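Now for the letters of each chain:
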Amino acid sequence: MSQARSSQTAQSQSSSEFAVPVTSIHKVEADGVKVFYRAAGDPSSPVVLLLHGFPTSSFMFRELIPRLANDHRVIAPDLPGFGFTEVPAERKYVYTFDRLSATLTAFTQALKIRRFAMYVFDYGAPTGLRLAMAHPDRVTAIVSQNGNAYEEGLGDAWGPIRKYWAEPTPENREVIRNNVLTLEGTRWQYTHGVRDPESVPPESYTLDTALLERPGNKDIQLDLFLDYASNVKLYPAFQDYFRKAKPPLLAIWGKNDSFFIPAGAEAFRKDIPNARVEFLDTGHFAIETHFVEIAAAVKDFLAANGGSQ
């Protein structure tokens, strides 16, 4: 082999070894909604569906997507009311978790995704678990990152929202609007419980805040806060699904989360005795500070449990 060809081969091998899978962006019509989503990986590979929470979007998975995409087809949609998904006014969309799940189901059908593992965070948990209950044969495995399904997992931070559930008055609605749906409230969710708050990239909570400030969006979020009570009522049904379907489950949790406390992660073992539970020394948005550890744990878990269509 010539020296030039040898050098080219070495460069090619080096480039292949350190290649980062490209994440592409798309929109697809589903349930009368233009769903924005990010995707990466070989279309023939096993699918991992990444479901974000409040008040973020698929942007939260920017570091995780390329780390999973060598072995999986990774798909991360923005739920209606979040990110860059567009809901036409004439759709007269009703923002409830039942509706979010119906749109998610239509999204998977539009992309012809028949079987998939799910990574659920925060709002992504009750949205994705509704789909899993309705179609248990489609879900190969579940990763729950601070995605709660147990009453004991609800922390003290839910106090004002519980009051809103009990008394959905205009006054209580304004308390949530003025204390949660602000830059300070959003930044707090990202930085509370983090050992070094300055390590959290500001573009994350800054983007969330900008999108919250769009006309009408805060009322959408307030409607979803009120409807979150429907998820708590469904917790027993979610738990029944766990007992009957016994999906392989990894709960990987920011242990300093004030919304979804560690007891919620431990509770999965009551219904799925083989559930794997791991804690990270960080807060609610664990993926912002511990994406390397999370990616490694998820890849290992999916290799063992979610590696087939």
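For the structure itself, look to the data block above.
Before going into details, it helps to say that this report is about the structure given with it. (Residues numbered from 1 in each chain as written. Predicted model: local features only at pLDDT ≥ 70, side-chain atom pairs only at ≥ 80, totals over all residues. Heavy atoms only, no water.)

### Comments concerning the environment of arginine 67
Looking at where arginine 67 falls in the secondary structure, it is placed in helix α2 (residues 64–68). The class for arginine 67 is partly exposed, based on a relative accessible area of 31%. Those residues in contact with arginine 67 that lie beyond four places of it in its chain are Phe291, Val292, Ala295 and Lys299. (Helix = DSSP H or I, 4+ residues; strand = E, 2+ residues; numbered from the N terminus. Buried < 20%, exposed > 50% of the residue type's maximum accessible area, 1.4 Å probe, protein only. Contact = heavy atoms within 4.5 Å.)

### Focus on helix α9 (residues 217–245)
When the terminal C-alpha atoms of α9 are compared, their 36 Å separation across 29 residues is substantially less than the 42 Å that a helix rising 1.5 Å per residue should span. Of all the bends found along α9, the most pronounced is centred on leucine 234 and spans about 45°, while proline 236, a proline, follows it within four residues. Within two residues after α9, lysine 246 carries a phi angle of roughly 45°, on the positive side. (Expected span 1.5 Å × (residues − 1). Bend = angle between axes of the 7 residues up to and from the residue.)

### Some points on the nonpolar core
The nonpolar side chains of a soluble globular protein tend to be buried, and buried together. Of all hydrophobic cores here, the largest spans 64 residues; its most connected members are Ile75, Phe107, Ile142, Phe225, Tyr228, Phe242 and Phe268. Once residues within four sequence positions are removed from consideration, isoleucine 142 is found in contact with Met118, Val120, Leu129, Tyr241, Phe242, Pro247, Pro248, Leu249, Leu250 and Phe301. One finds Phe121, Tyr205, Ile287 and Ile294 within the second-largest nonpolar core, a separate group that totals 33 residues. (Core = buried A, V, L, I, M, F, W, Y, C linked by side-chain atoms within 4.5 Å.)

### Things to note about the pattern of salt bridges
A full pass over the atoms with the stated rule returns 20 salt bridges. Its salt-bridge partner being lysine 218, residue glutamate 213 comes within 3.0 Å of it at the nearest N-O pair. Classification of lysine 218 as buried rests on a relative accessible area of 18%. Where arginine 243 meets aspartate 240, a salt bridge forms, and the shortest distance between an N and an O atom there is 3.7 Å. Linking arginine 243 with aspartate 240, this pair stays in helix α9, spanning three residues, or about one helical turn. (Salt bridge = Lys/Arg side-chain N within 4 Å of Asp/Glu carboxyl O.)

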